[in-house]
Amino acid sequence: MVTAQPTDFAERVLRVAENIPPGRVMSYGDIAEYLGEKGPRQVGRVMALWGGGVAWWRVIHADGSLLAGHEHQALARYLEEGTPLRRTRDGAVCGVDMRRARWLAPEGWRQGG
DNA sequence: CGTGTGACACGTA
DNA sequence: TTACGTGCCACAC
């Protein structure tokens, strides 16, 4: 139940999130920076509100840390998509290997263009 | 109109 | 290399 409808900015954020290819991920800041609007916090807000309809697990922190409360679900997706994961000496998955999984949206990407 | 919070990011230890 | 603290922008009360 959302108390507001997706704004134009939200639609753009969701659009980018939907375009993130499997095995790749984008940081909130990257999406905000790519759109050139608002900031990472605003992107995170959009994902928190309407991110449930997109590959939310492909949108994580810039340091590669997984989404709190959904690490397990996200981890399962990464294993299925073969997303480069980062593990500690203990072998525990600490997050995603952003240096390899980080995906940058093409400048003139746009679905219709 | 002002204060507090959040699916964040950078700097420091 | 990993973990913790502070600052930003916009929304809700």
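Our structure's up above, just so we're on the same page.
Quick caveat, the model's predicted, so the values are computed rather than measured.

A.B. asks: Could you clarify how one ought to interpret the overall build of chain A in this entry?
C.D. replies: Within chain A, the regular secondary structure consists of 5 helices and 4 strands. Its C-alpha atoms give chain A a radius of gyration of 14 Å, within 12% of the compact-globule value 13 Å for 113 residues. Seen along its three principal axes, the alpha-carbon backbone of chain A occupies a region of about 45 × 35 × 25 Å. Out of the 113 residues in chain A, the part that is buried amounts to 40%. Put simply, of all contacts in chain A between residues at least 6 apart along the chain, 63% involve residues at least 24 apart. Where the 15 positive side-chain charges of chain A centre and where its 13 negative ones centre are 2 Å apart.

A.B. asks: I tried to follow the nonpolar core on my own but got confused; where do I start?
C.D. replies: The tendency in soluble globular proteins is for nonpolar side chains to be buried as a group. The biggest cluster of nonpolar side chains holds 33 residues, and the ones touching the most others in it are V13, I31, V43, M47, Y78 and V96. Counting only elements with at least two residues in this core, the list comes to helix 1 (8-19), helix 2 (28-35), helix 3 (40-50), strand 2 (59-60), helix 4 (71-81) and helix 5 (98-101). Per element, the largest residue contribution to this core is 6 residues, and it comes from helix 1. Other than its neighbours up to four places away in sequence, V43 contacts F9, V13, Y28, I31 and A32.

A.B. asks: What should I look at first to understand the protein's contact with DNA strand C in this one?
C.D. replies: Surveying the vicinity of DNA strand C reveals the residues K38, R41, Q42, R45, R86 and C94. In this structure, a sugar or linking oxygen belonging to DNA strand C sits 2.8 Å away from a side-chain N or O atom of Q42. In the model, a phosphate oxygen of DNA strand C is placed 3.5 Å from a nitrogen or oxygen of the R86 side chain. In terms of residue count, the dominant contributor to the surface near DNA strand C is helix 3 (3 residues).

A.B. asks: It is not clear to me how the packing of helix 2 against helix 3 should be interpreted in this structure. Could you clarify?
C.D. replies: Helix-helix packing is described using two parameters, namely the angle between the two axes and the distance between the axes. Relative to each other, helix 2 and helix 3 sit at 105 degrees, their axes nearing to 8 Å. Put simply, helix 2 runs roughly perpendicular to helix 3. Taken together, the residues of helix 3 that come into contact with helix 2 (itself represented by Y28, G29, I31 and A32) are P40, V43, G44 and M47. For the contact of helix 2 with helix 3, a count of residues per class yields 6 nonpolar, 2 polar and no charged.

A.B. asks: Looking at this model, I keep getting lost on the pairing of strand 4 (residues 93-96). Mind explaining?
C.D. replies: Each regular strand shows side chains that alternate between the opposite faces of the sheet. Taken together, the 3 bridges between strand 3 (residues 85-87) and strand 4 define a ladder with antiparallel strand orientation. Bridge pairing links R87 to V93 in strand 4. Here strand 3 folds back onto strand 4 in antiparallel fashion, the turn holding 5 residues, of which G91 has a positive phi close to 95 degrees.

What counts, and at which threshold
Residues numbered from 1 in each chain as written. Chains lettered and ligands numbered in written order. Predicted model: local features only at pLDDT ≥ 70, side-chain atom pairs only at ≥ 80, totals over all residues. Heavy atoms only, no water. Helix = DSSP H or I, 4+ residues; strand = E, 2+ residues; numbered from the N terminus. Rg over C-alpha atoms; globule rule 2.2 N^0.38 Å. Buried < 20%, exposed > 50% of the residue type's maximum accessible area, 1.4 Å probe, protein only. Contact = heavy atoms within 4.5 Å. Lys, Arg positive; Asp, Glu negative; His and termini not counted. Charge placed at Lys NZ, Arg CZ, Asp CG, Glu CD. Core = buried A, V, L, I, M, F, W, Y, C linked by side-chain atoms within 4.5 Å. Near = heavy atom within 4 Å. Polar contact = N/O pair within 3.5 Å; in protein donor to acceptor, adjacent residues only side chain to side chain. Axes fitted to C-alpha atoms, helices over the stretch in contact; angles between N-to-C directions. Parallel < 35°, antiparallel > 145°, perpendicular 65-115°, else oblique. Nonpolar A, V, L, I, M, F, W, Y, C, P; charged D, E, K, R; others polar. Pairing = 2+ DSSP bridges.

Geometry only, nothing functional implied.
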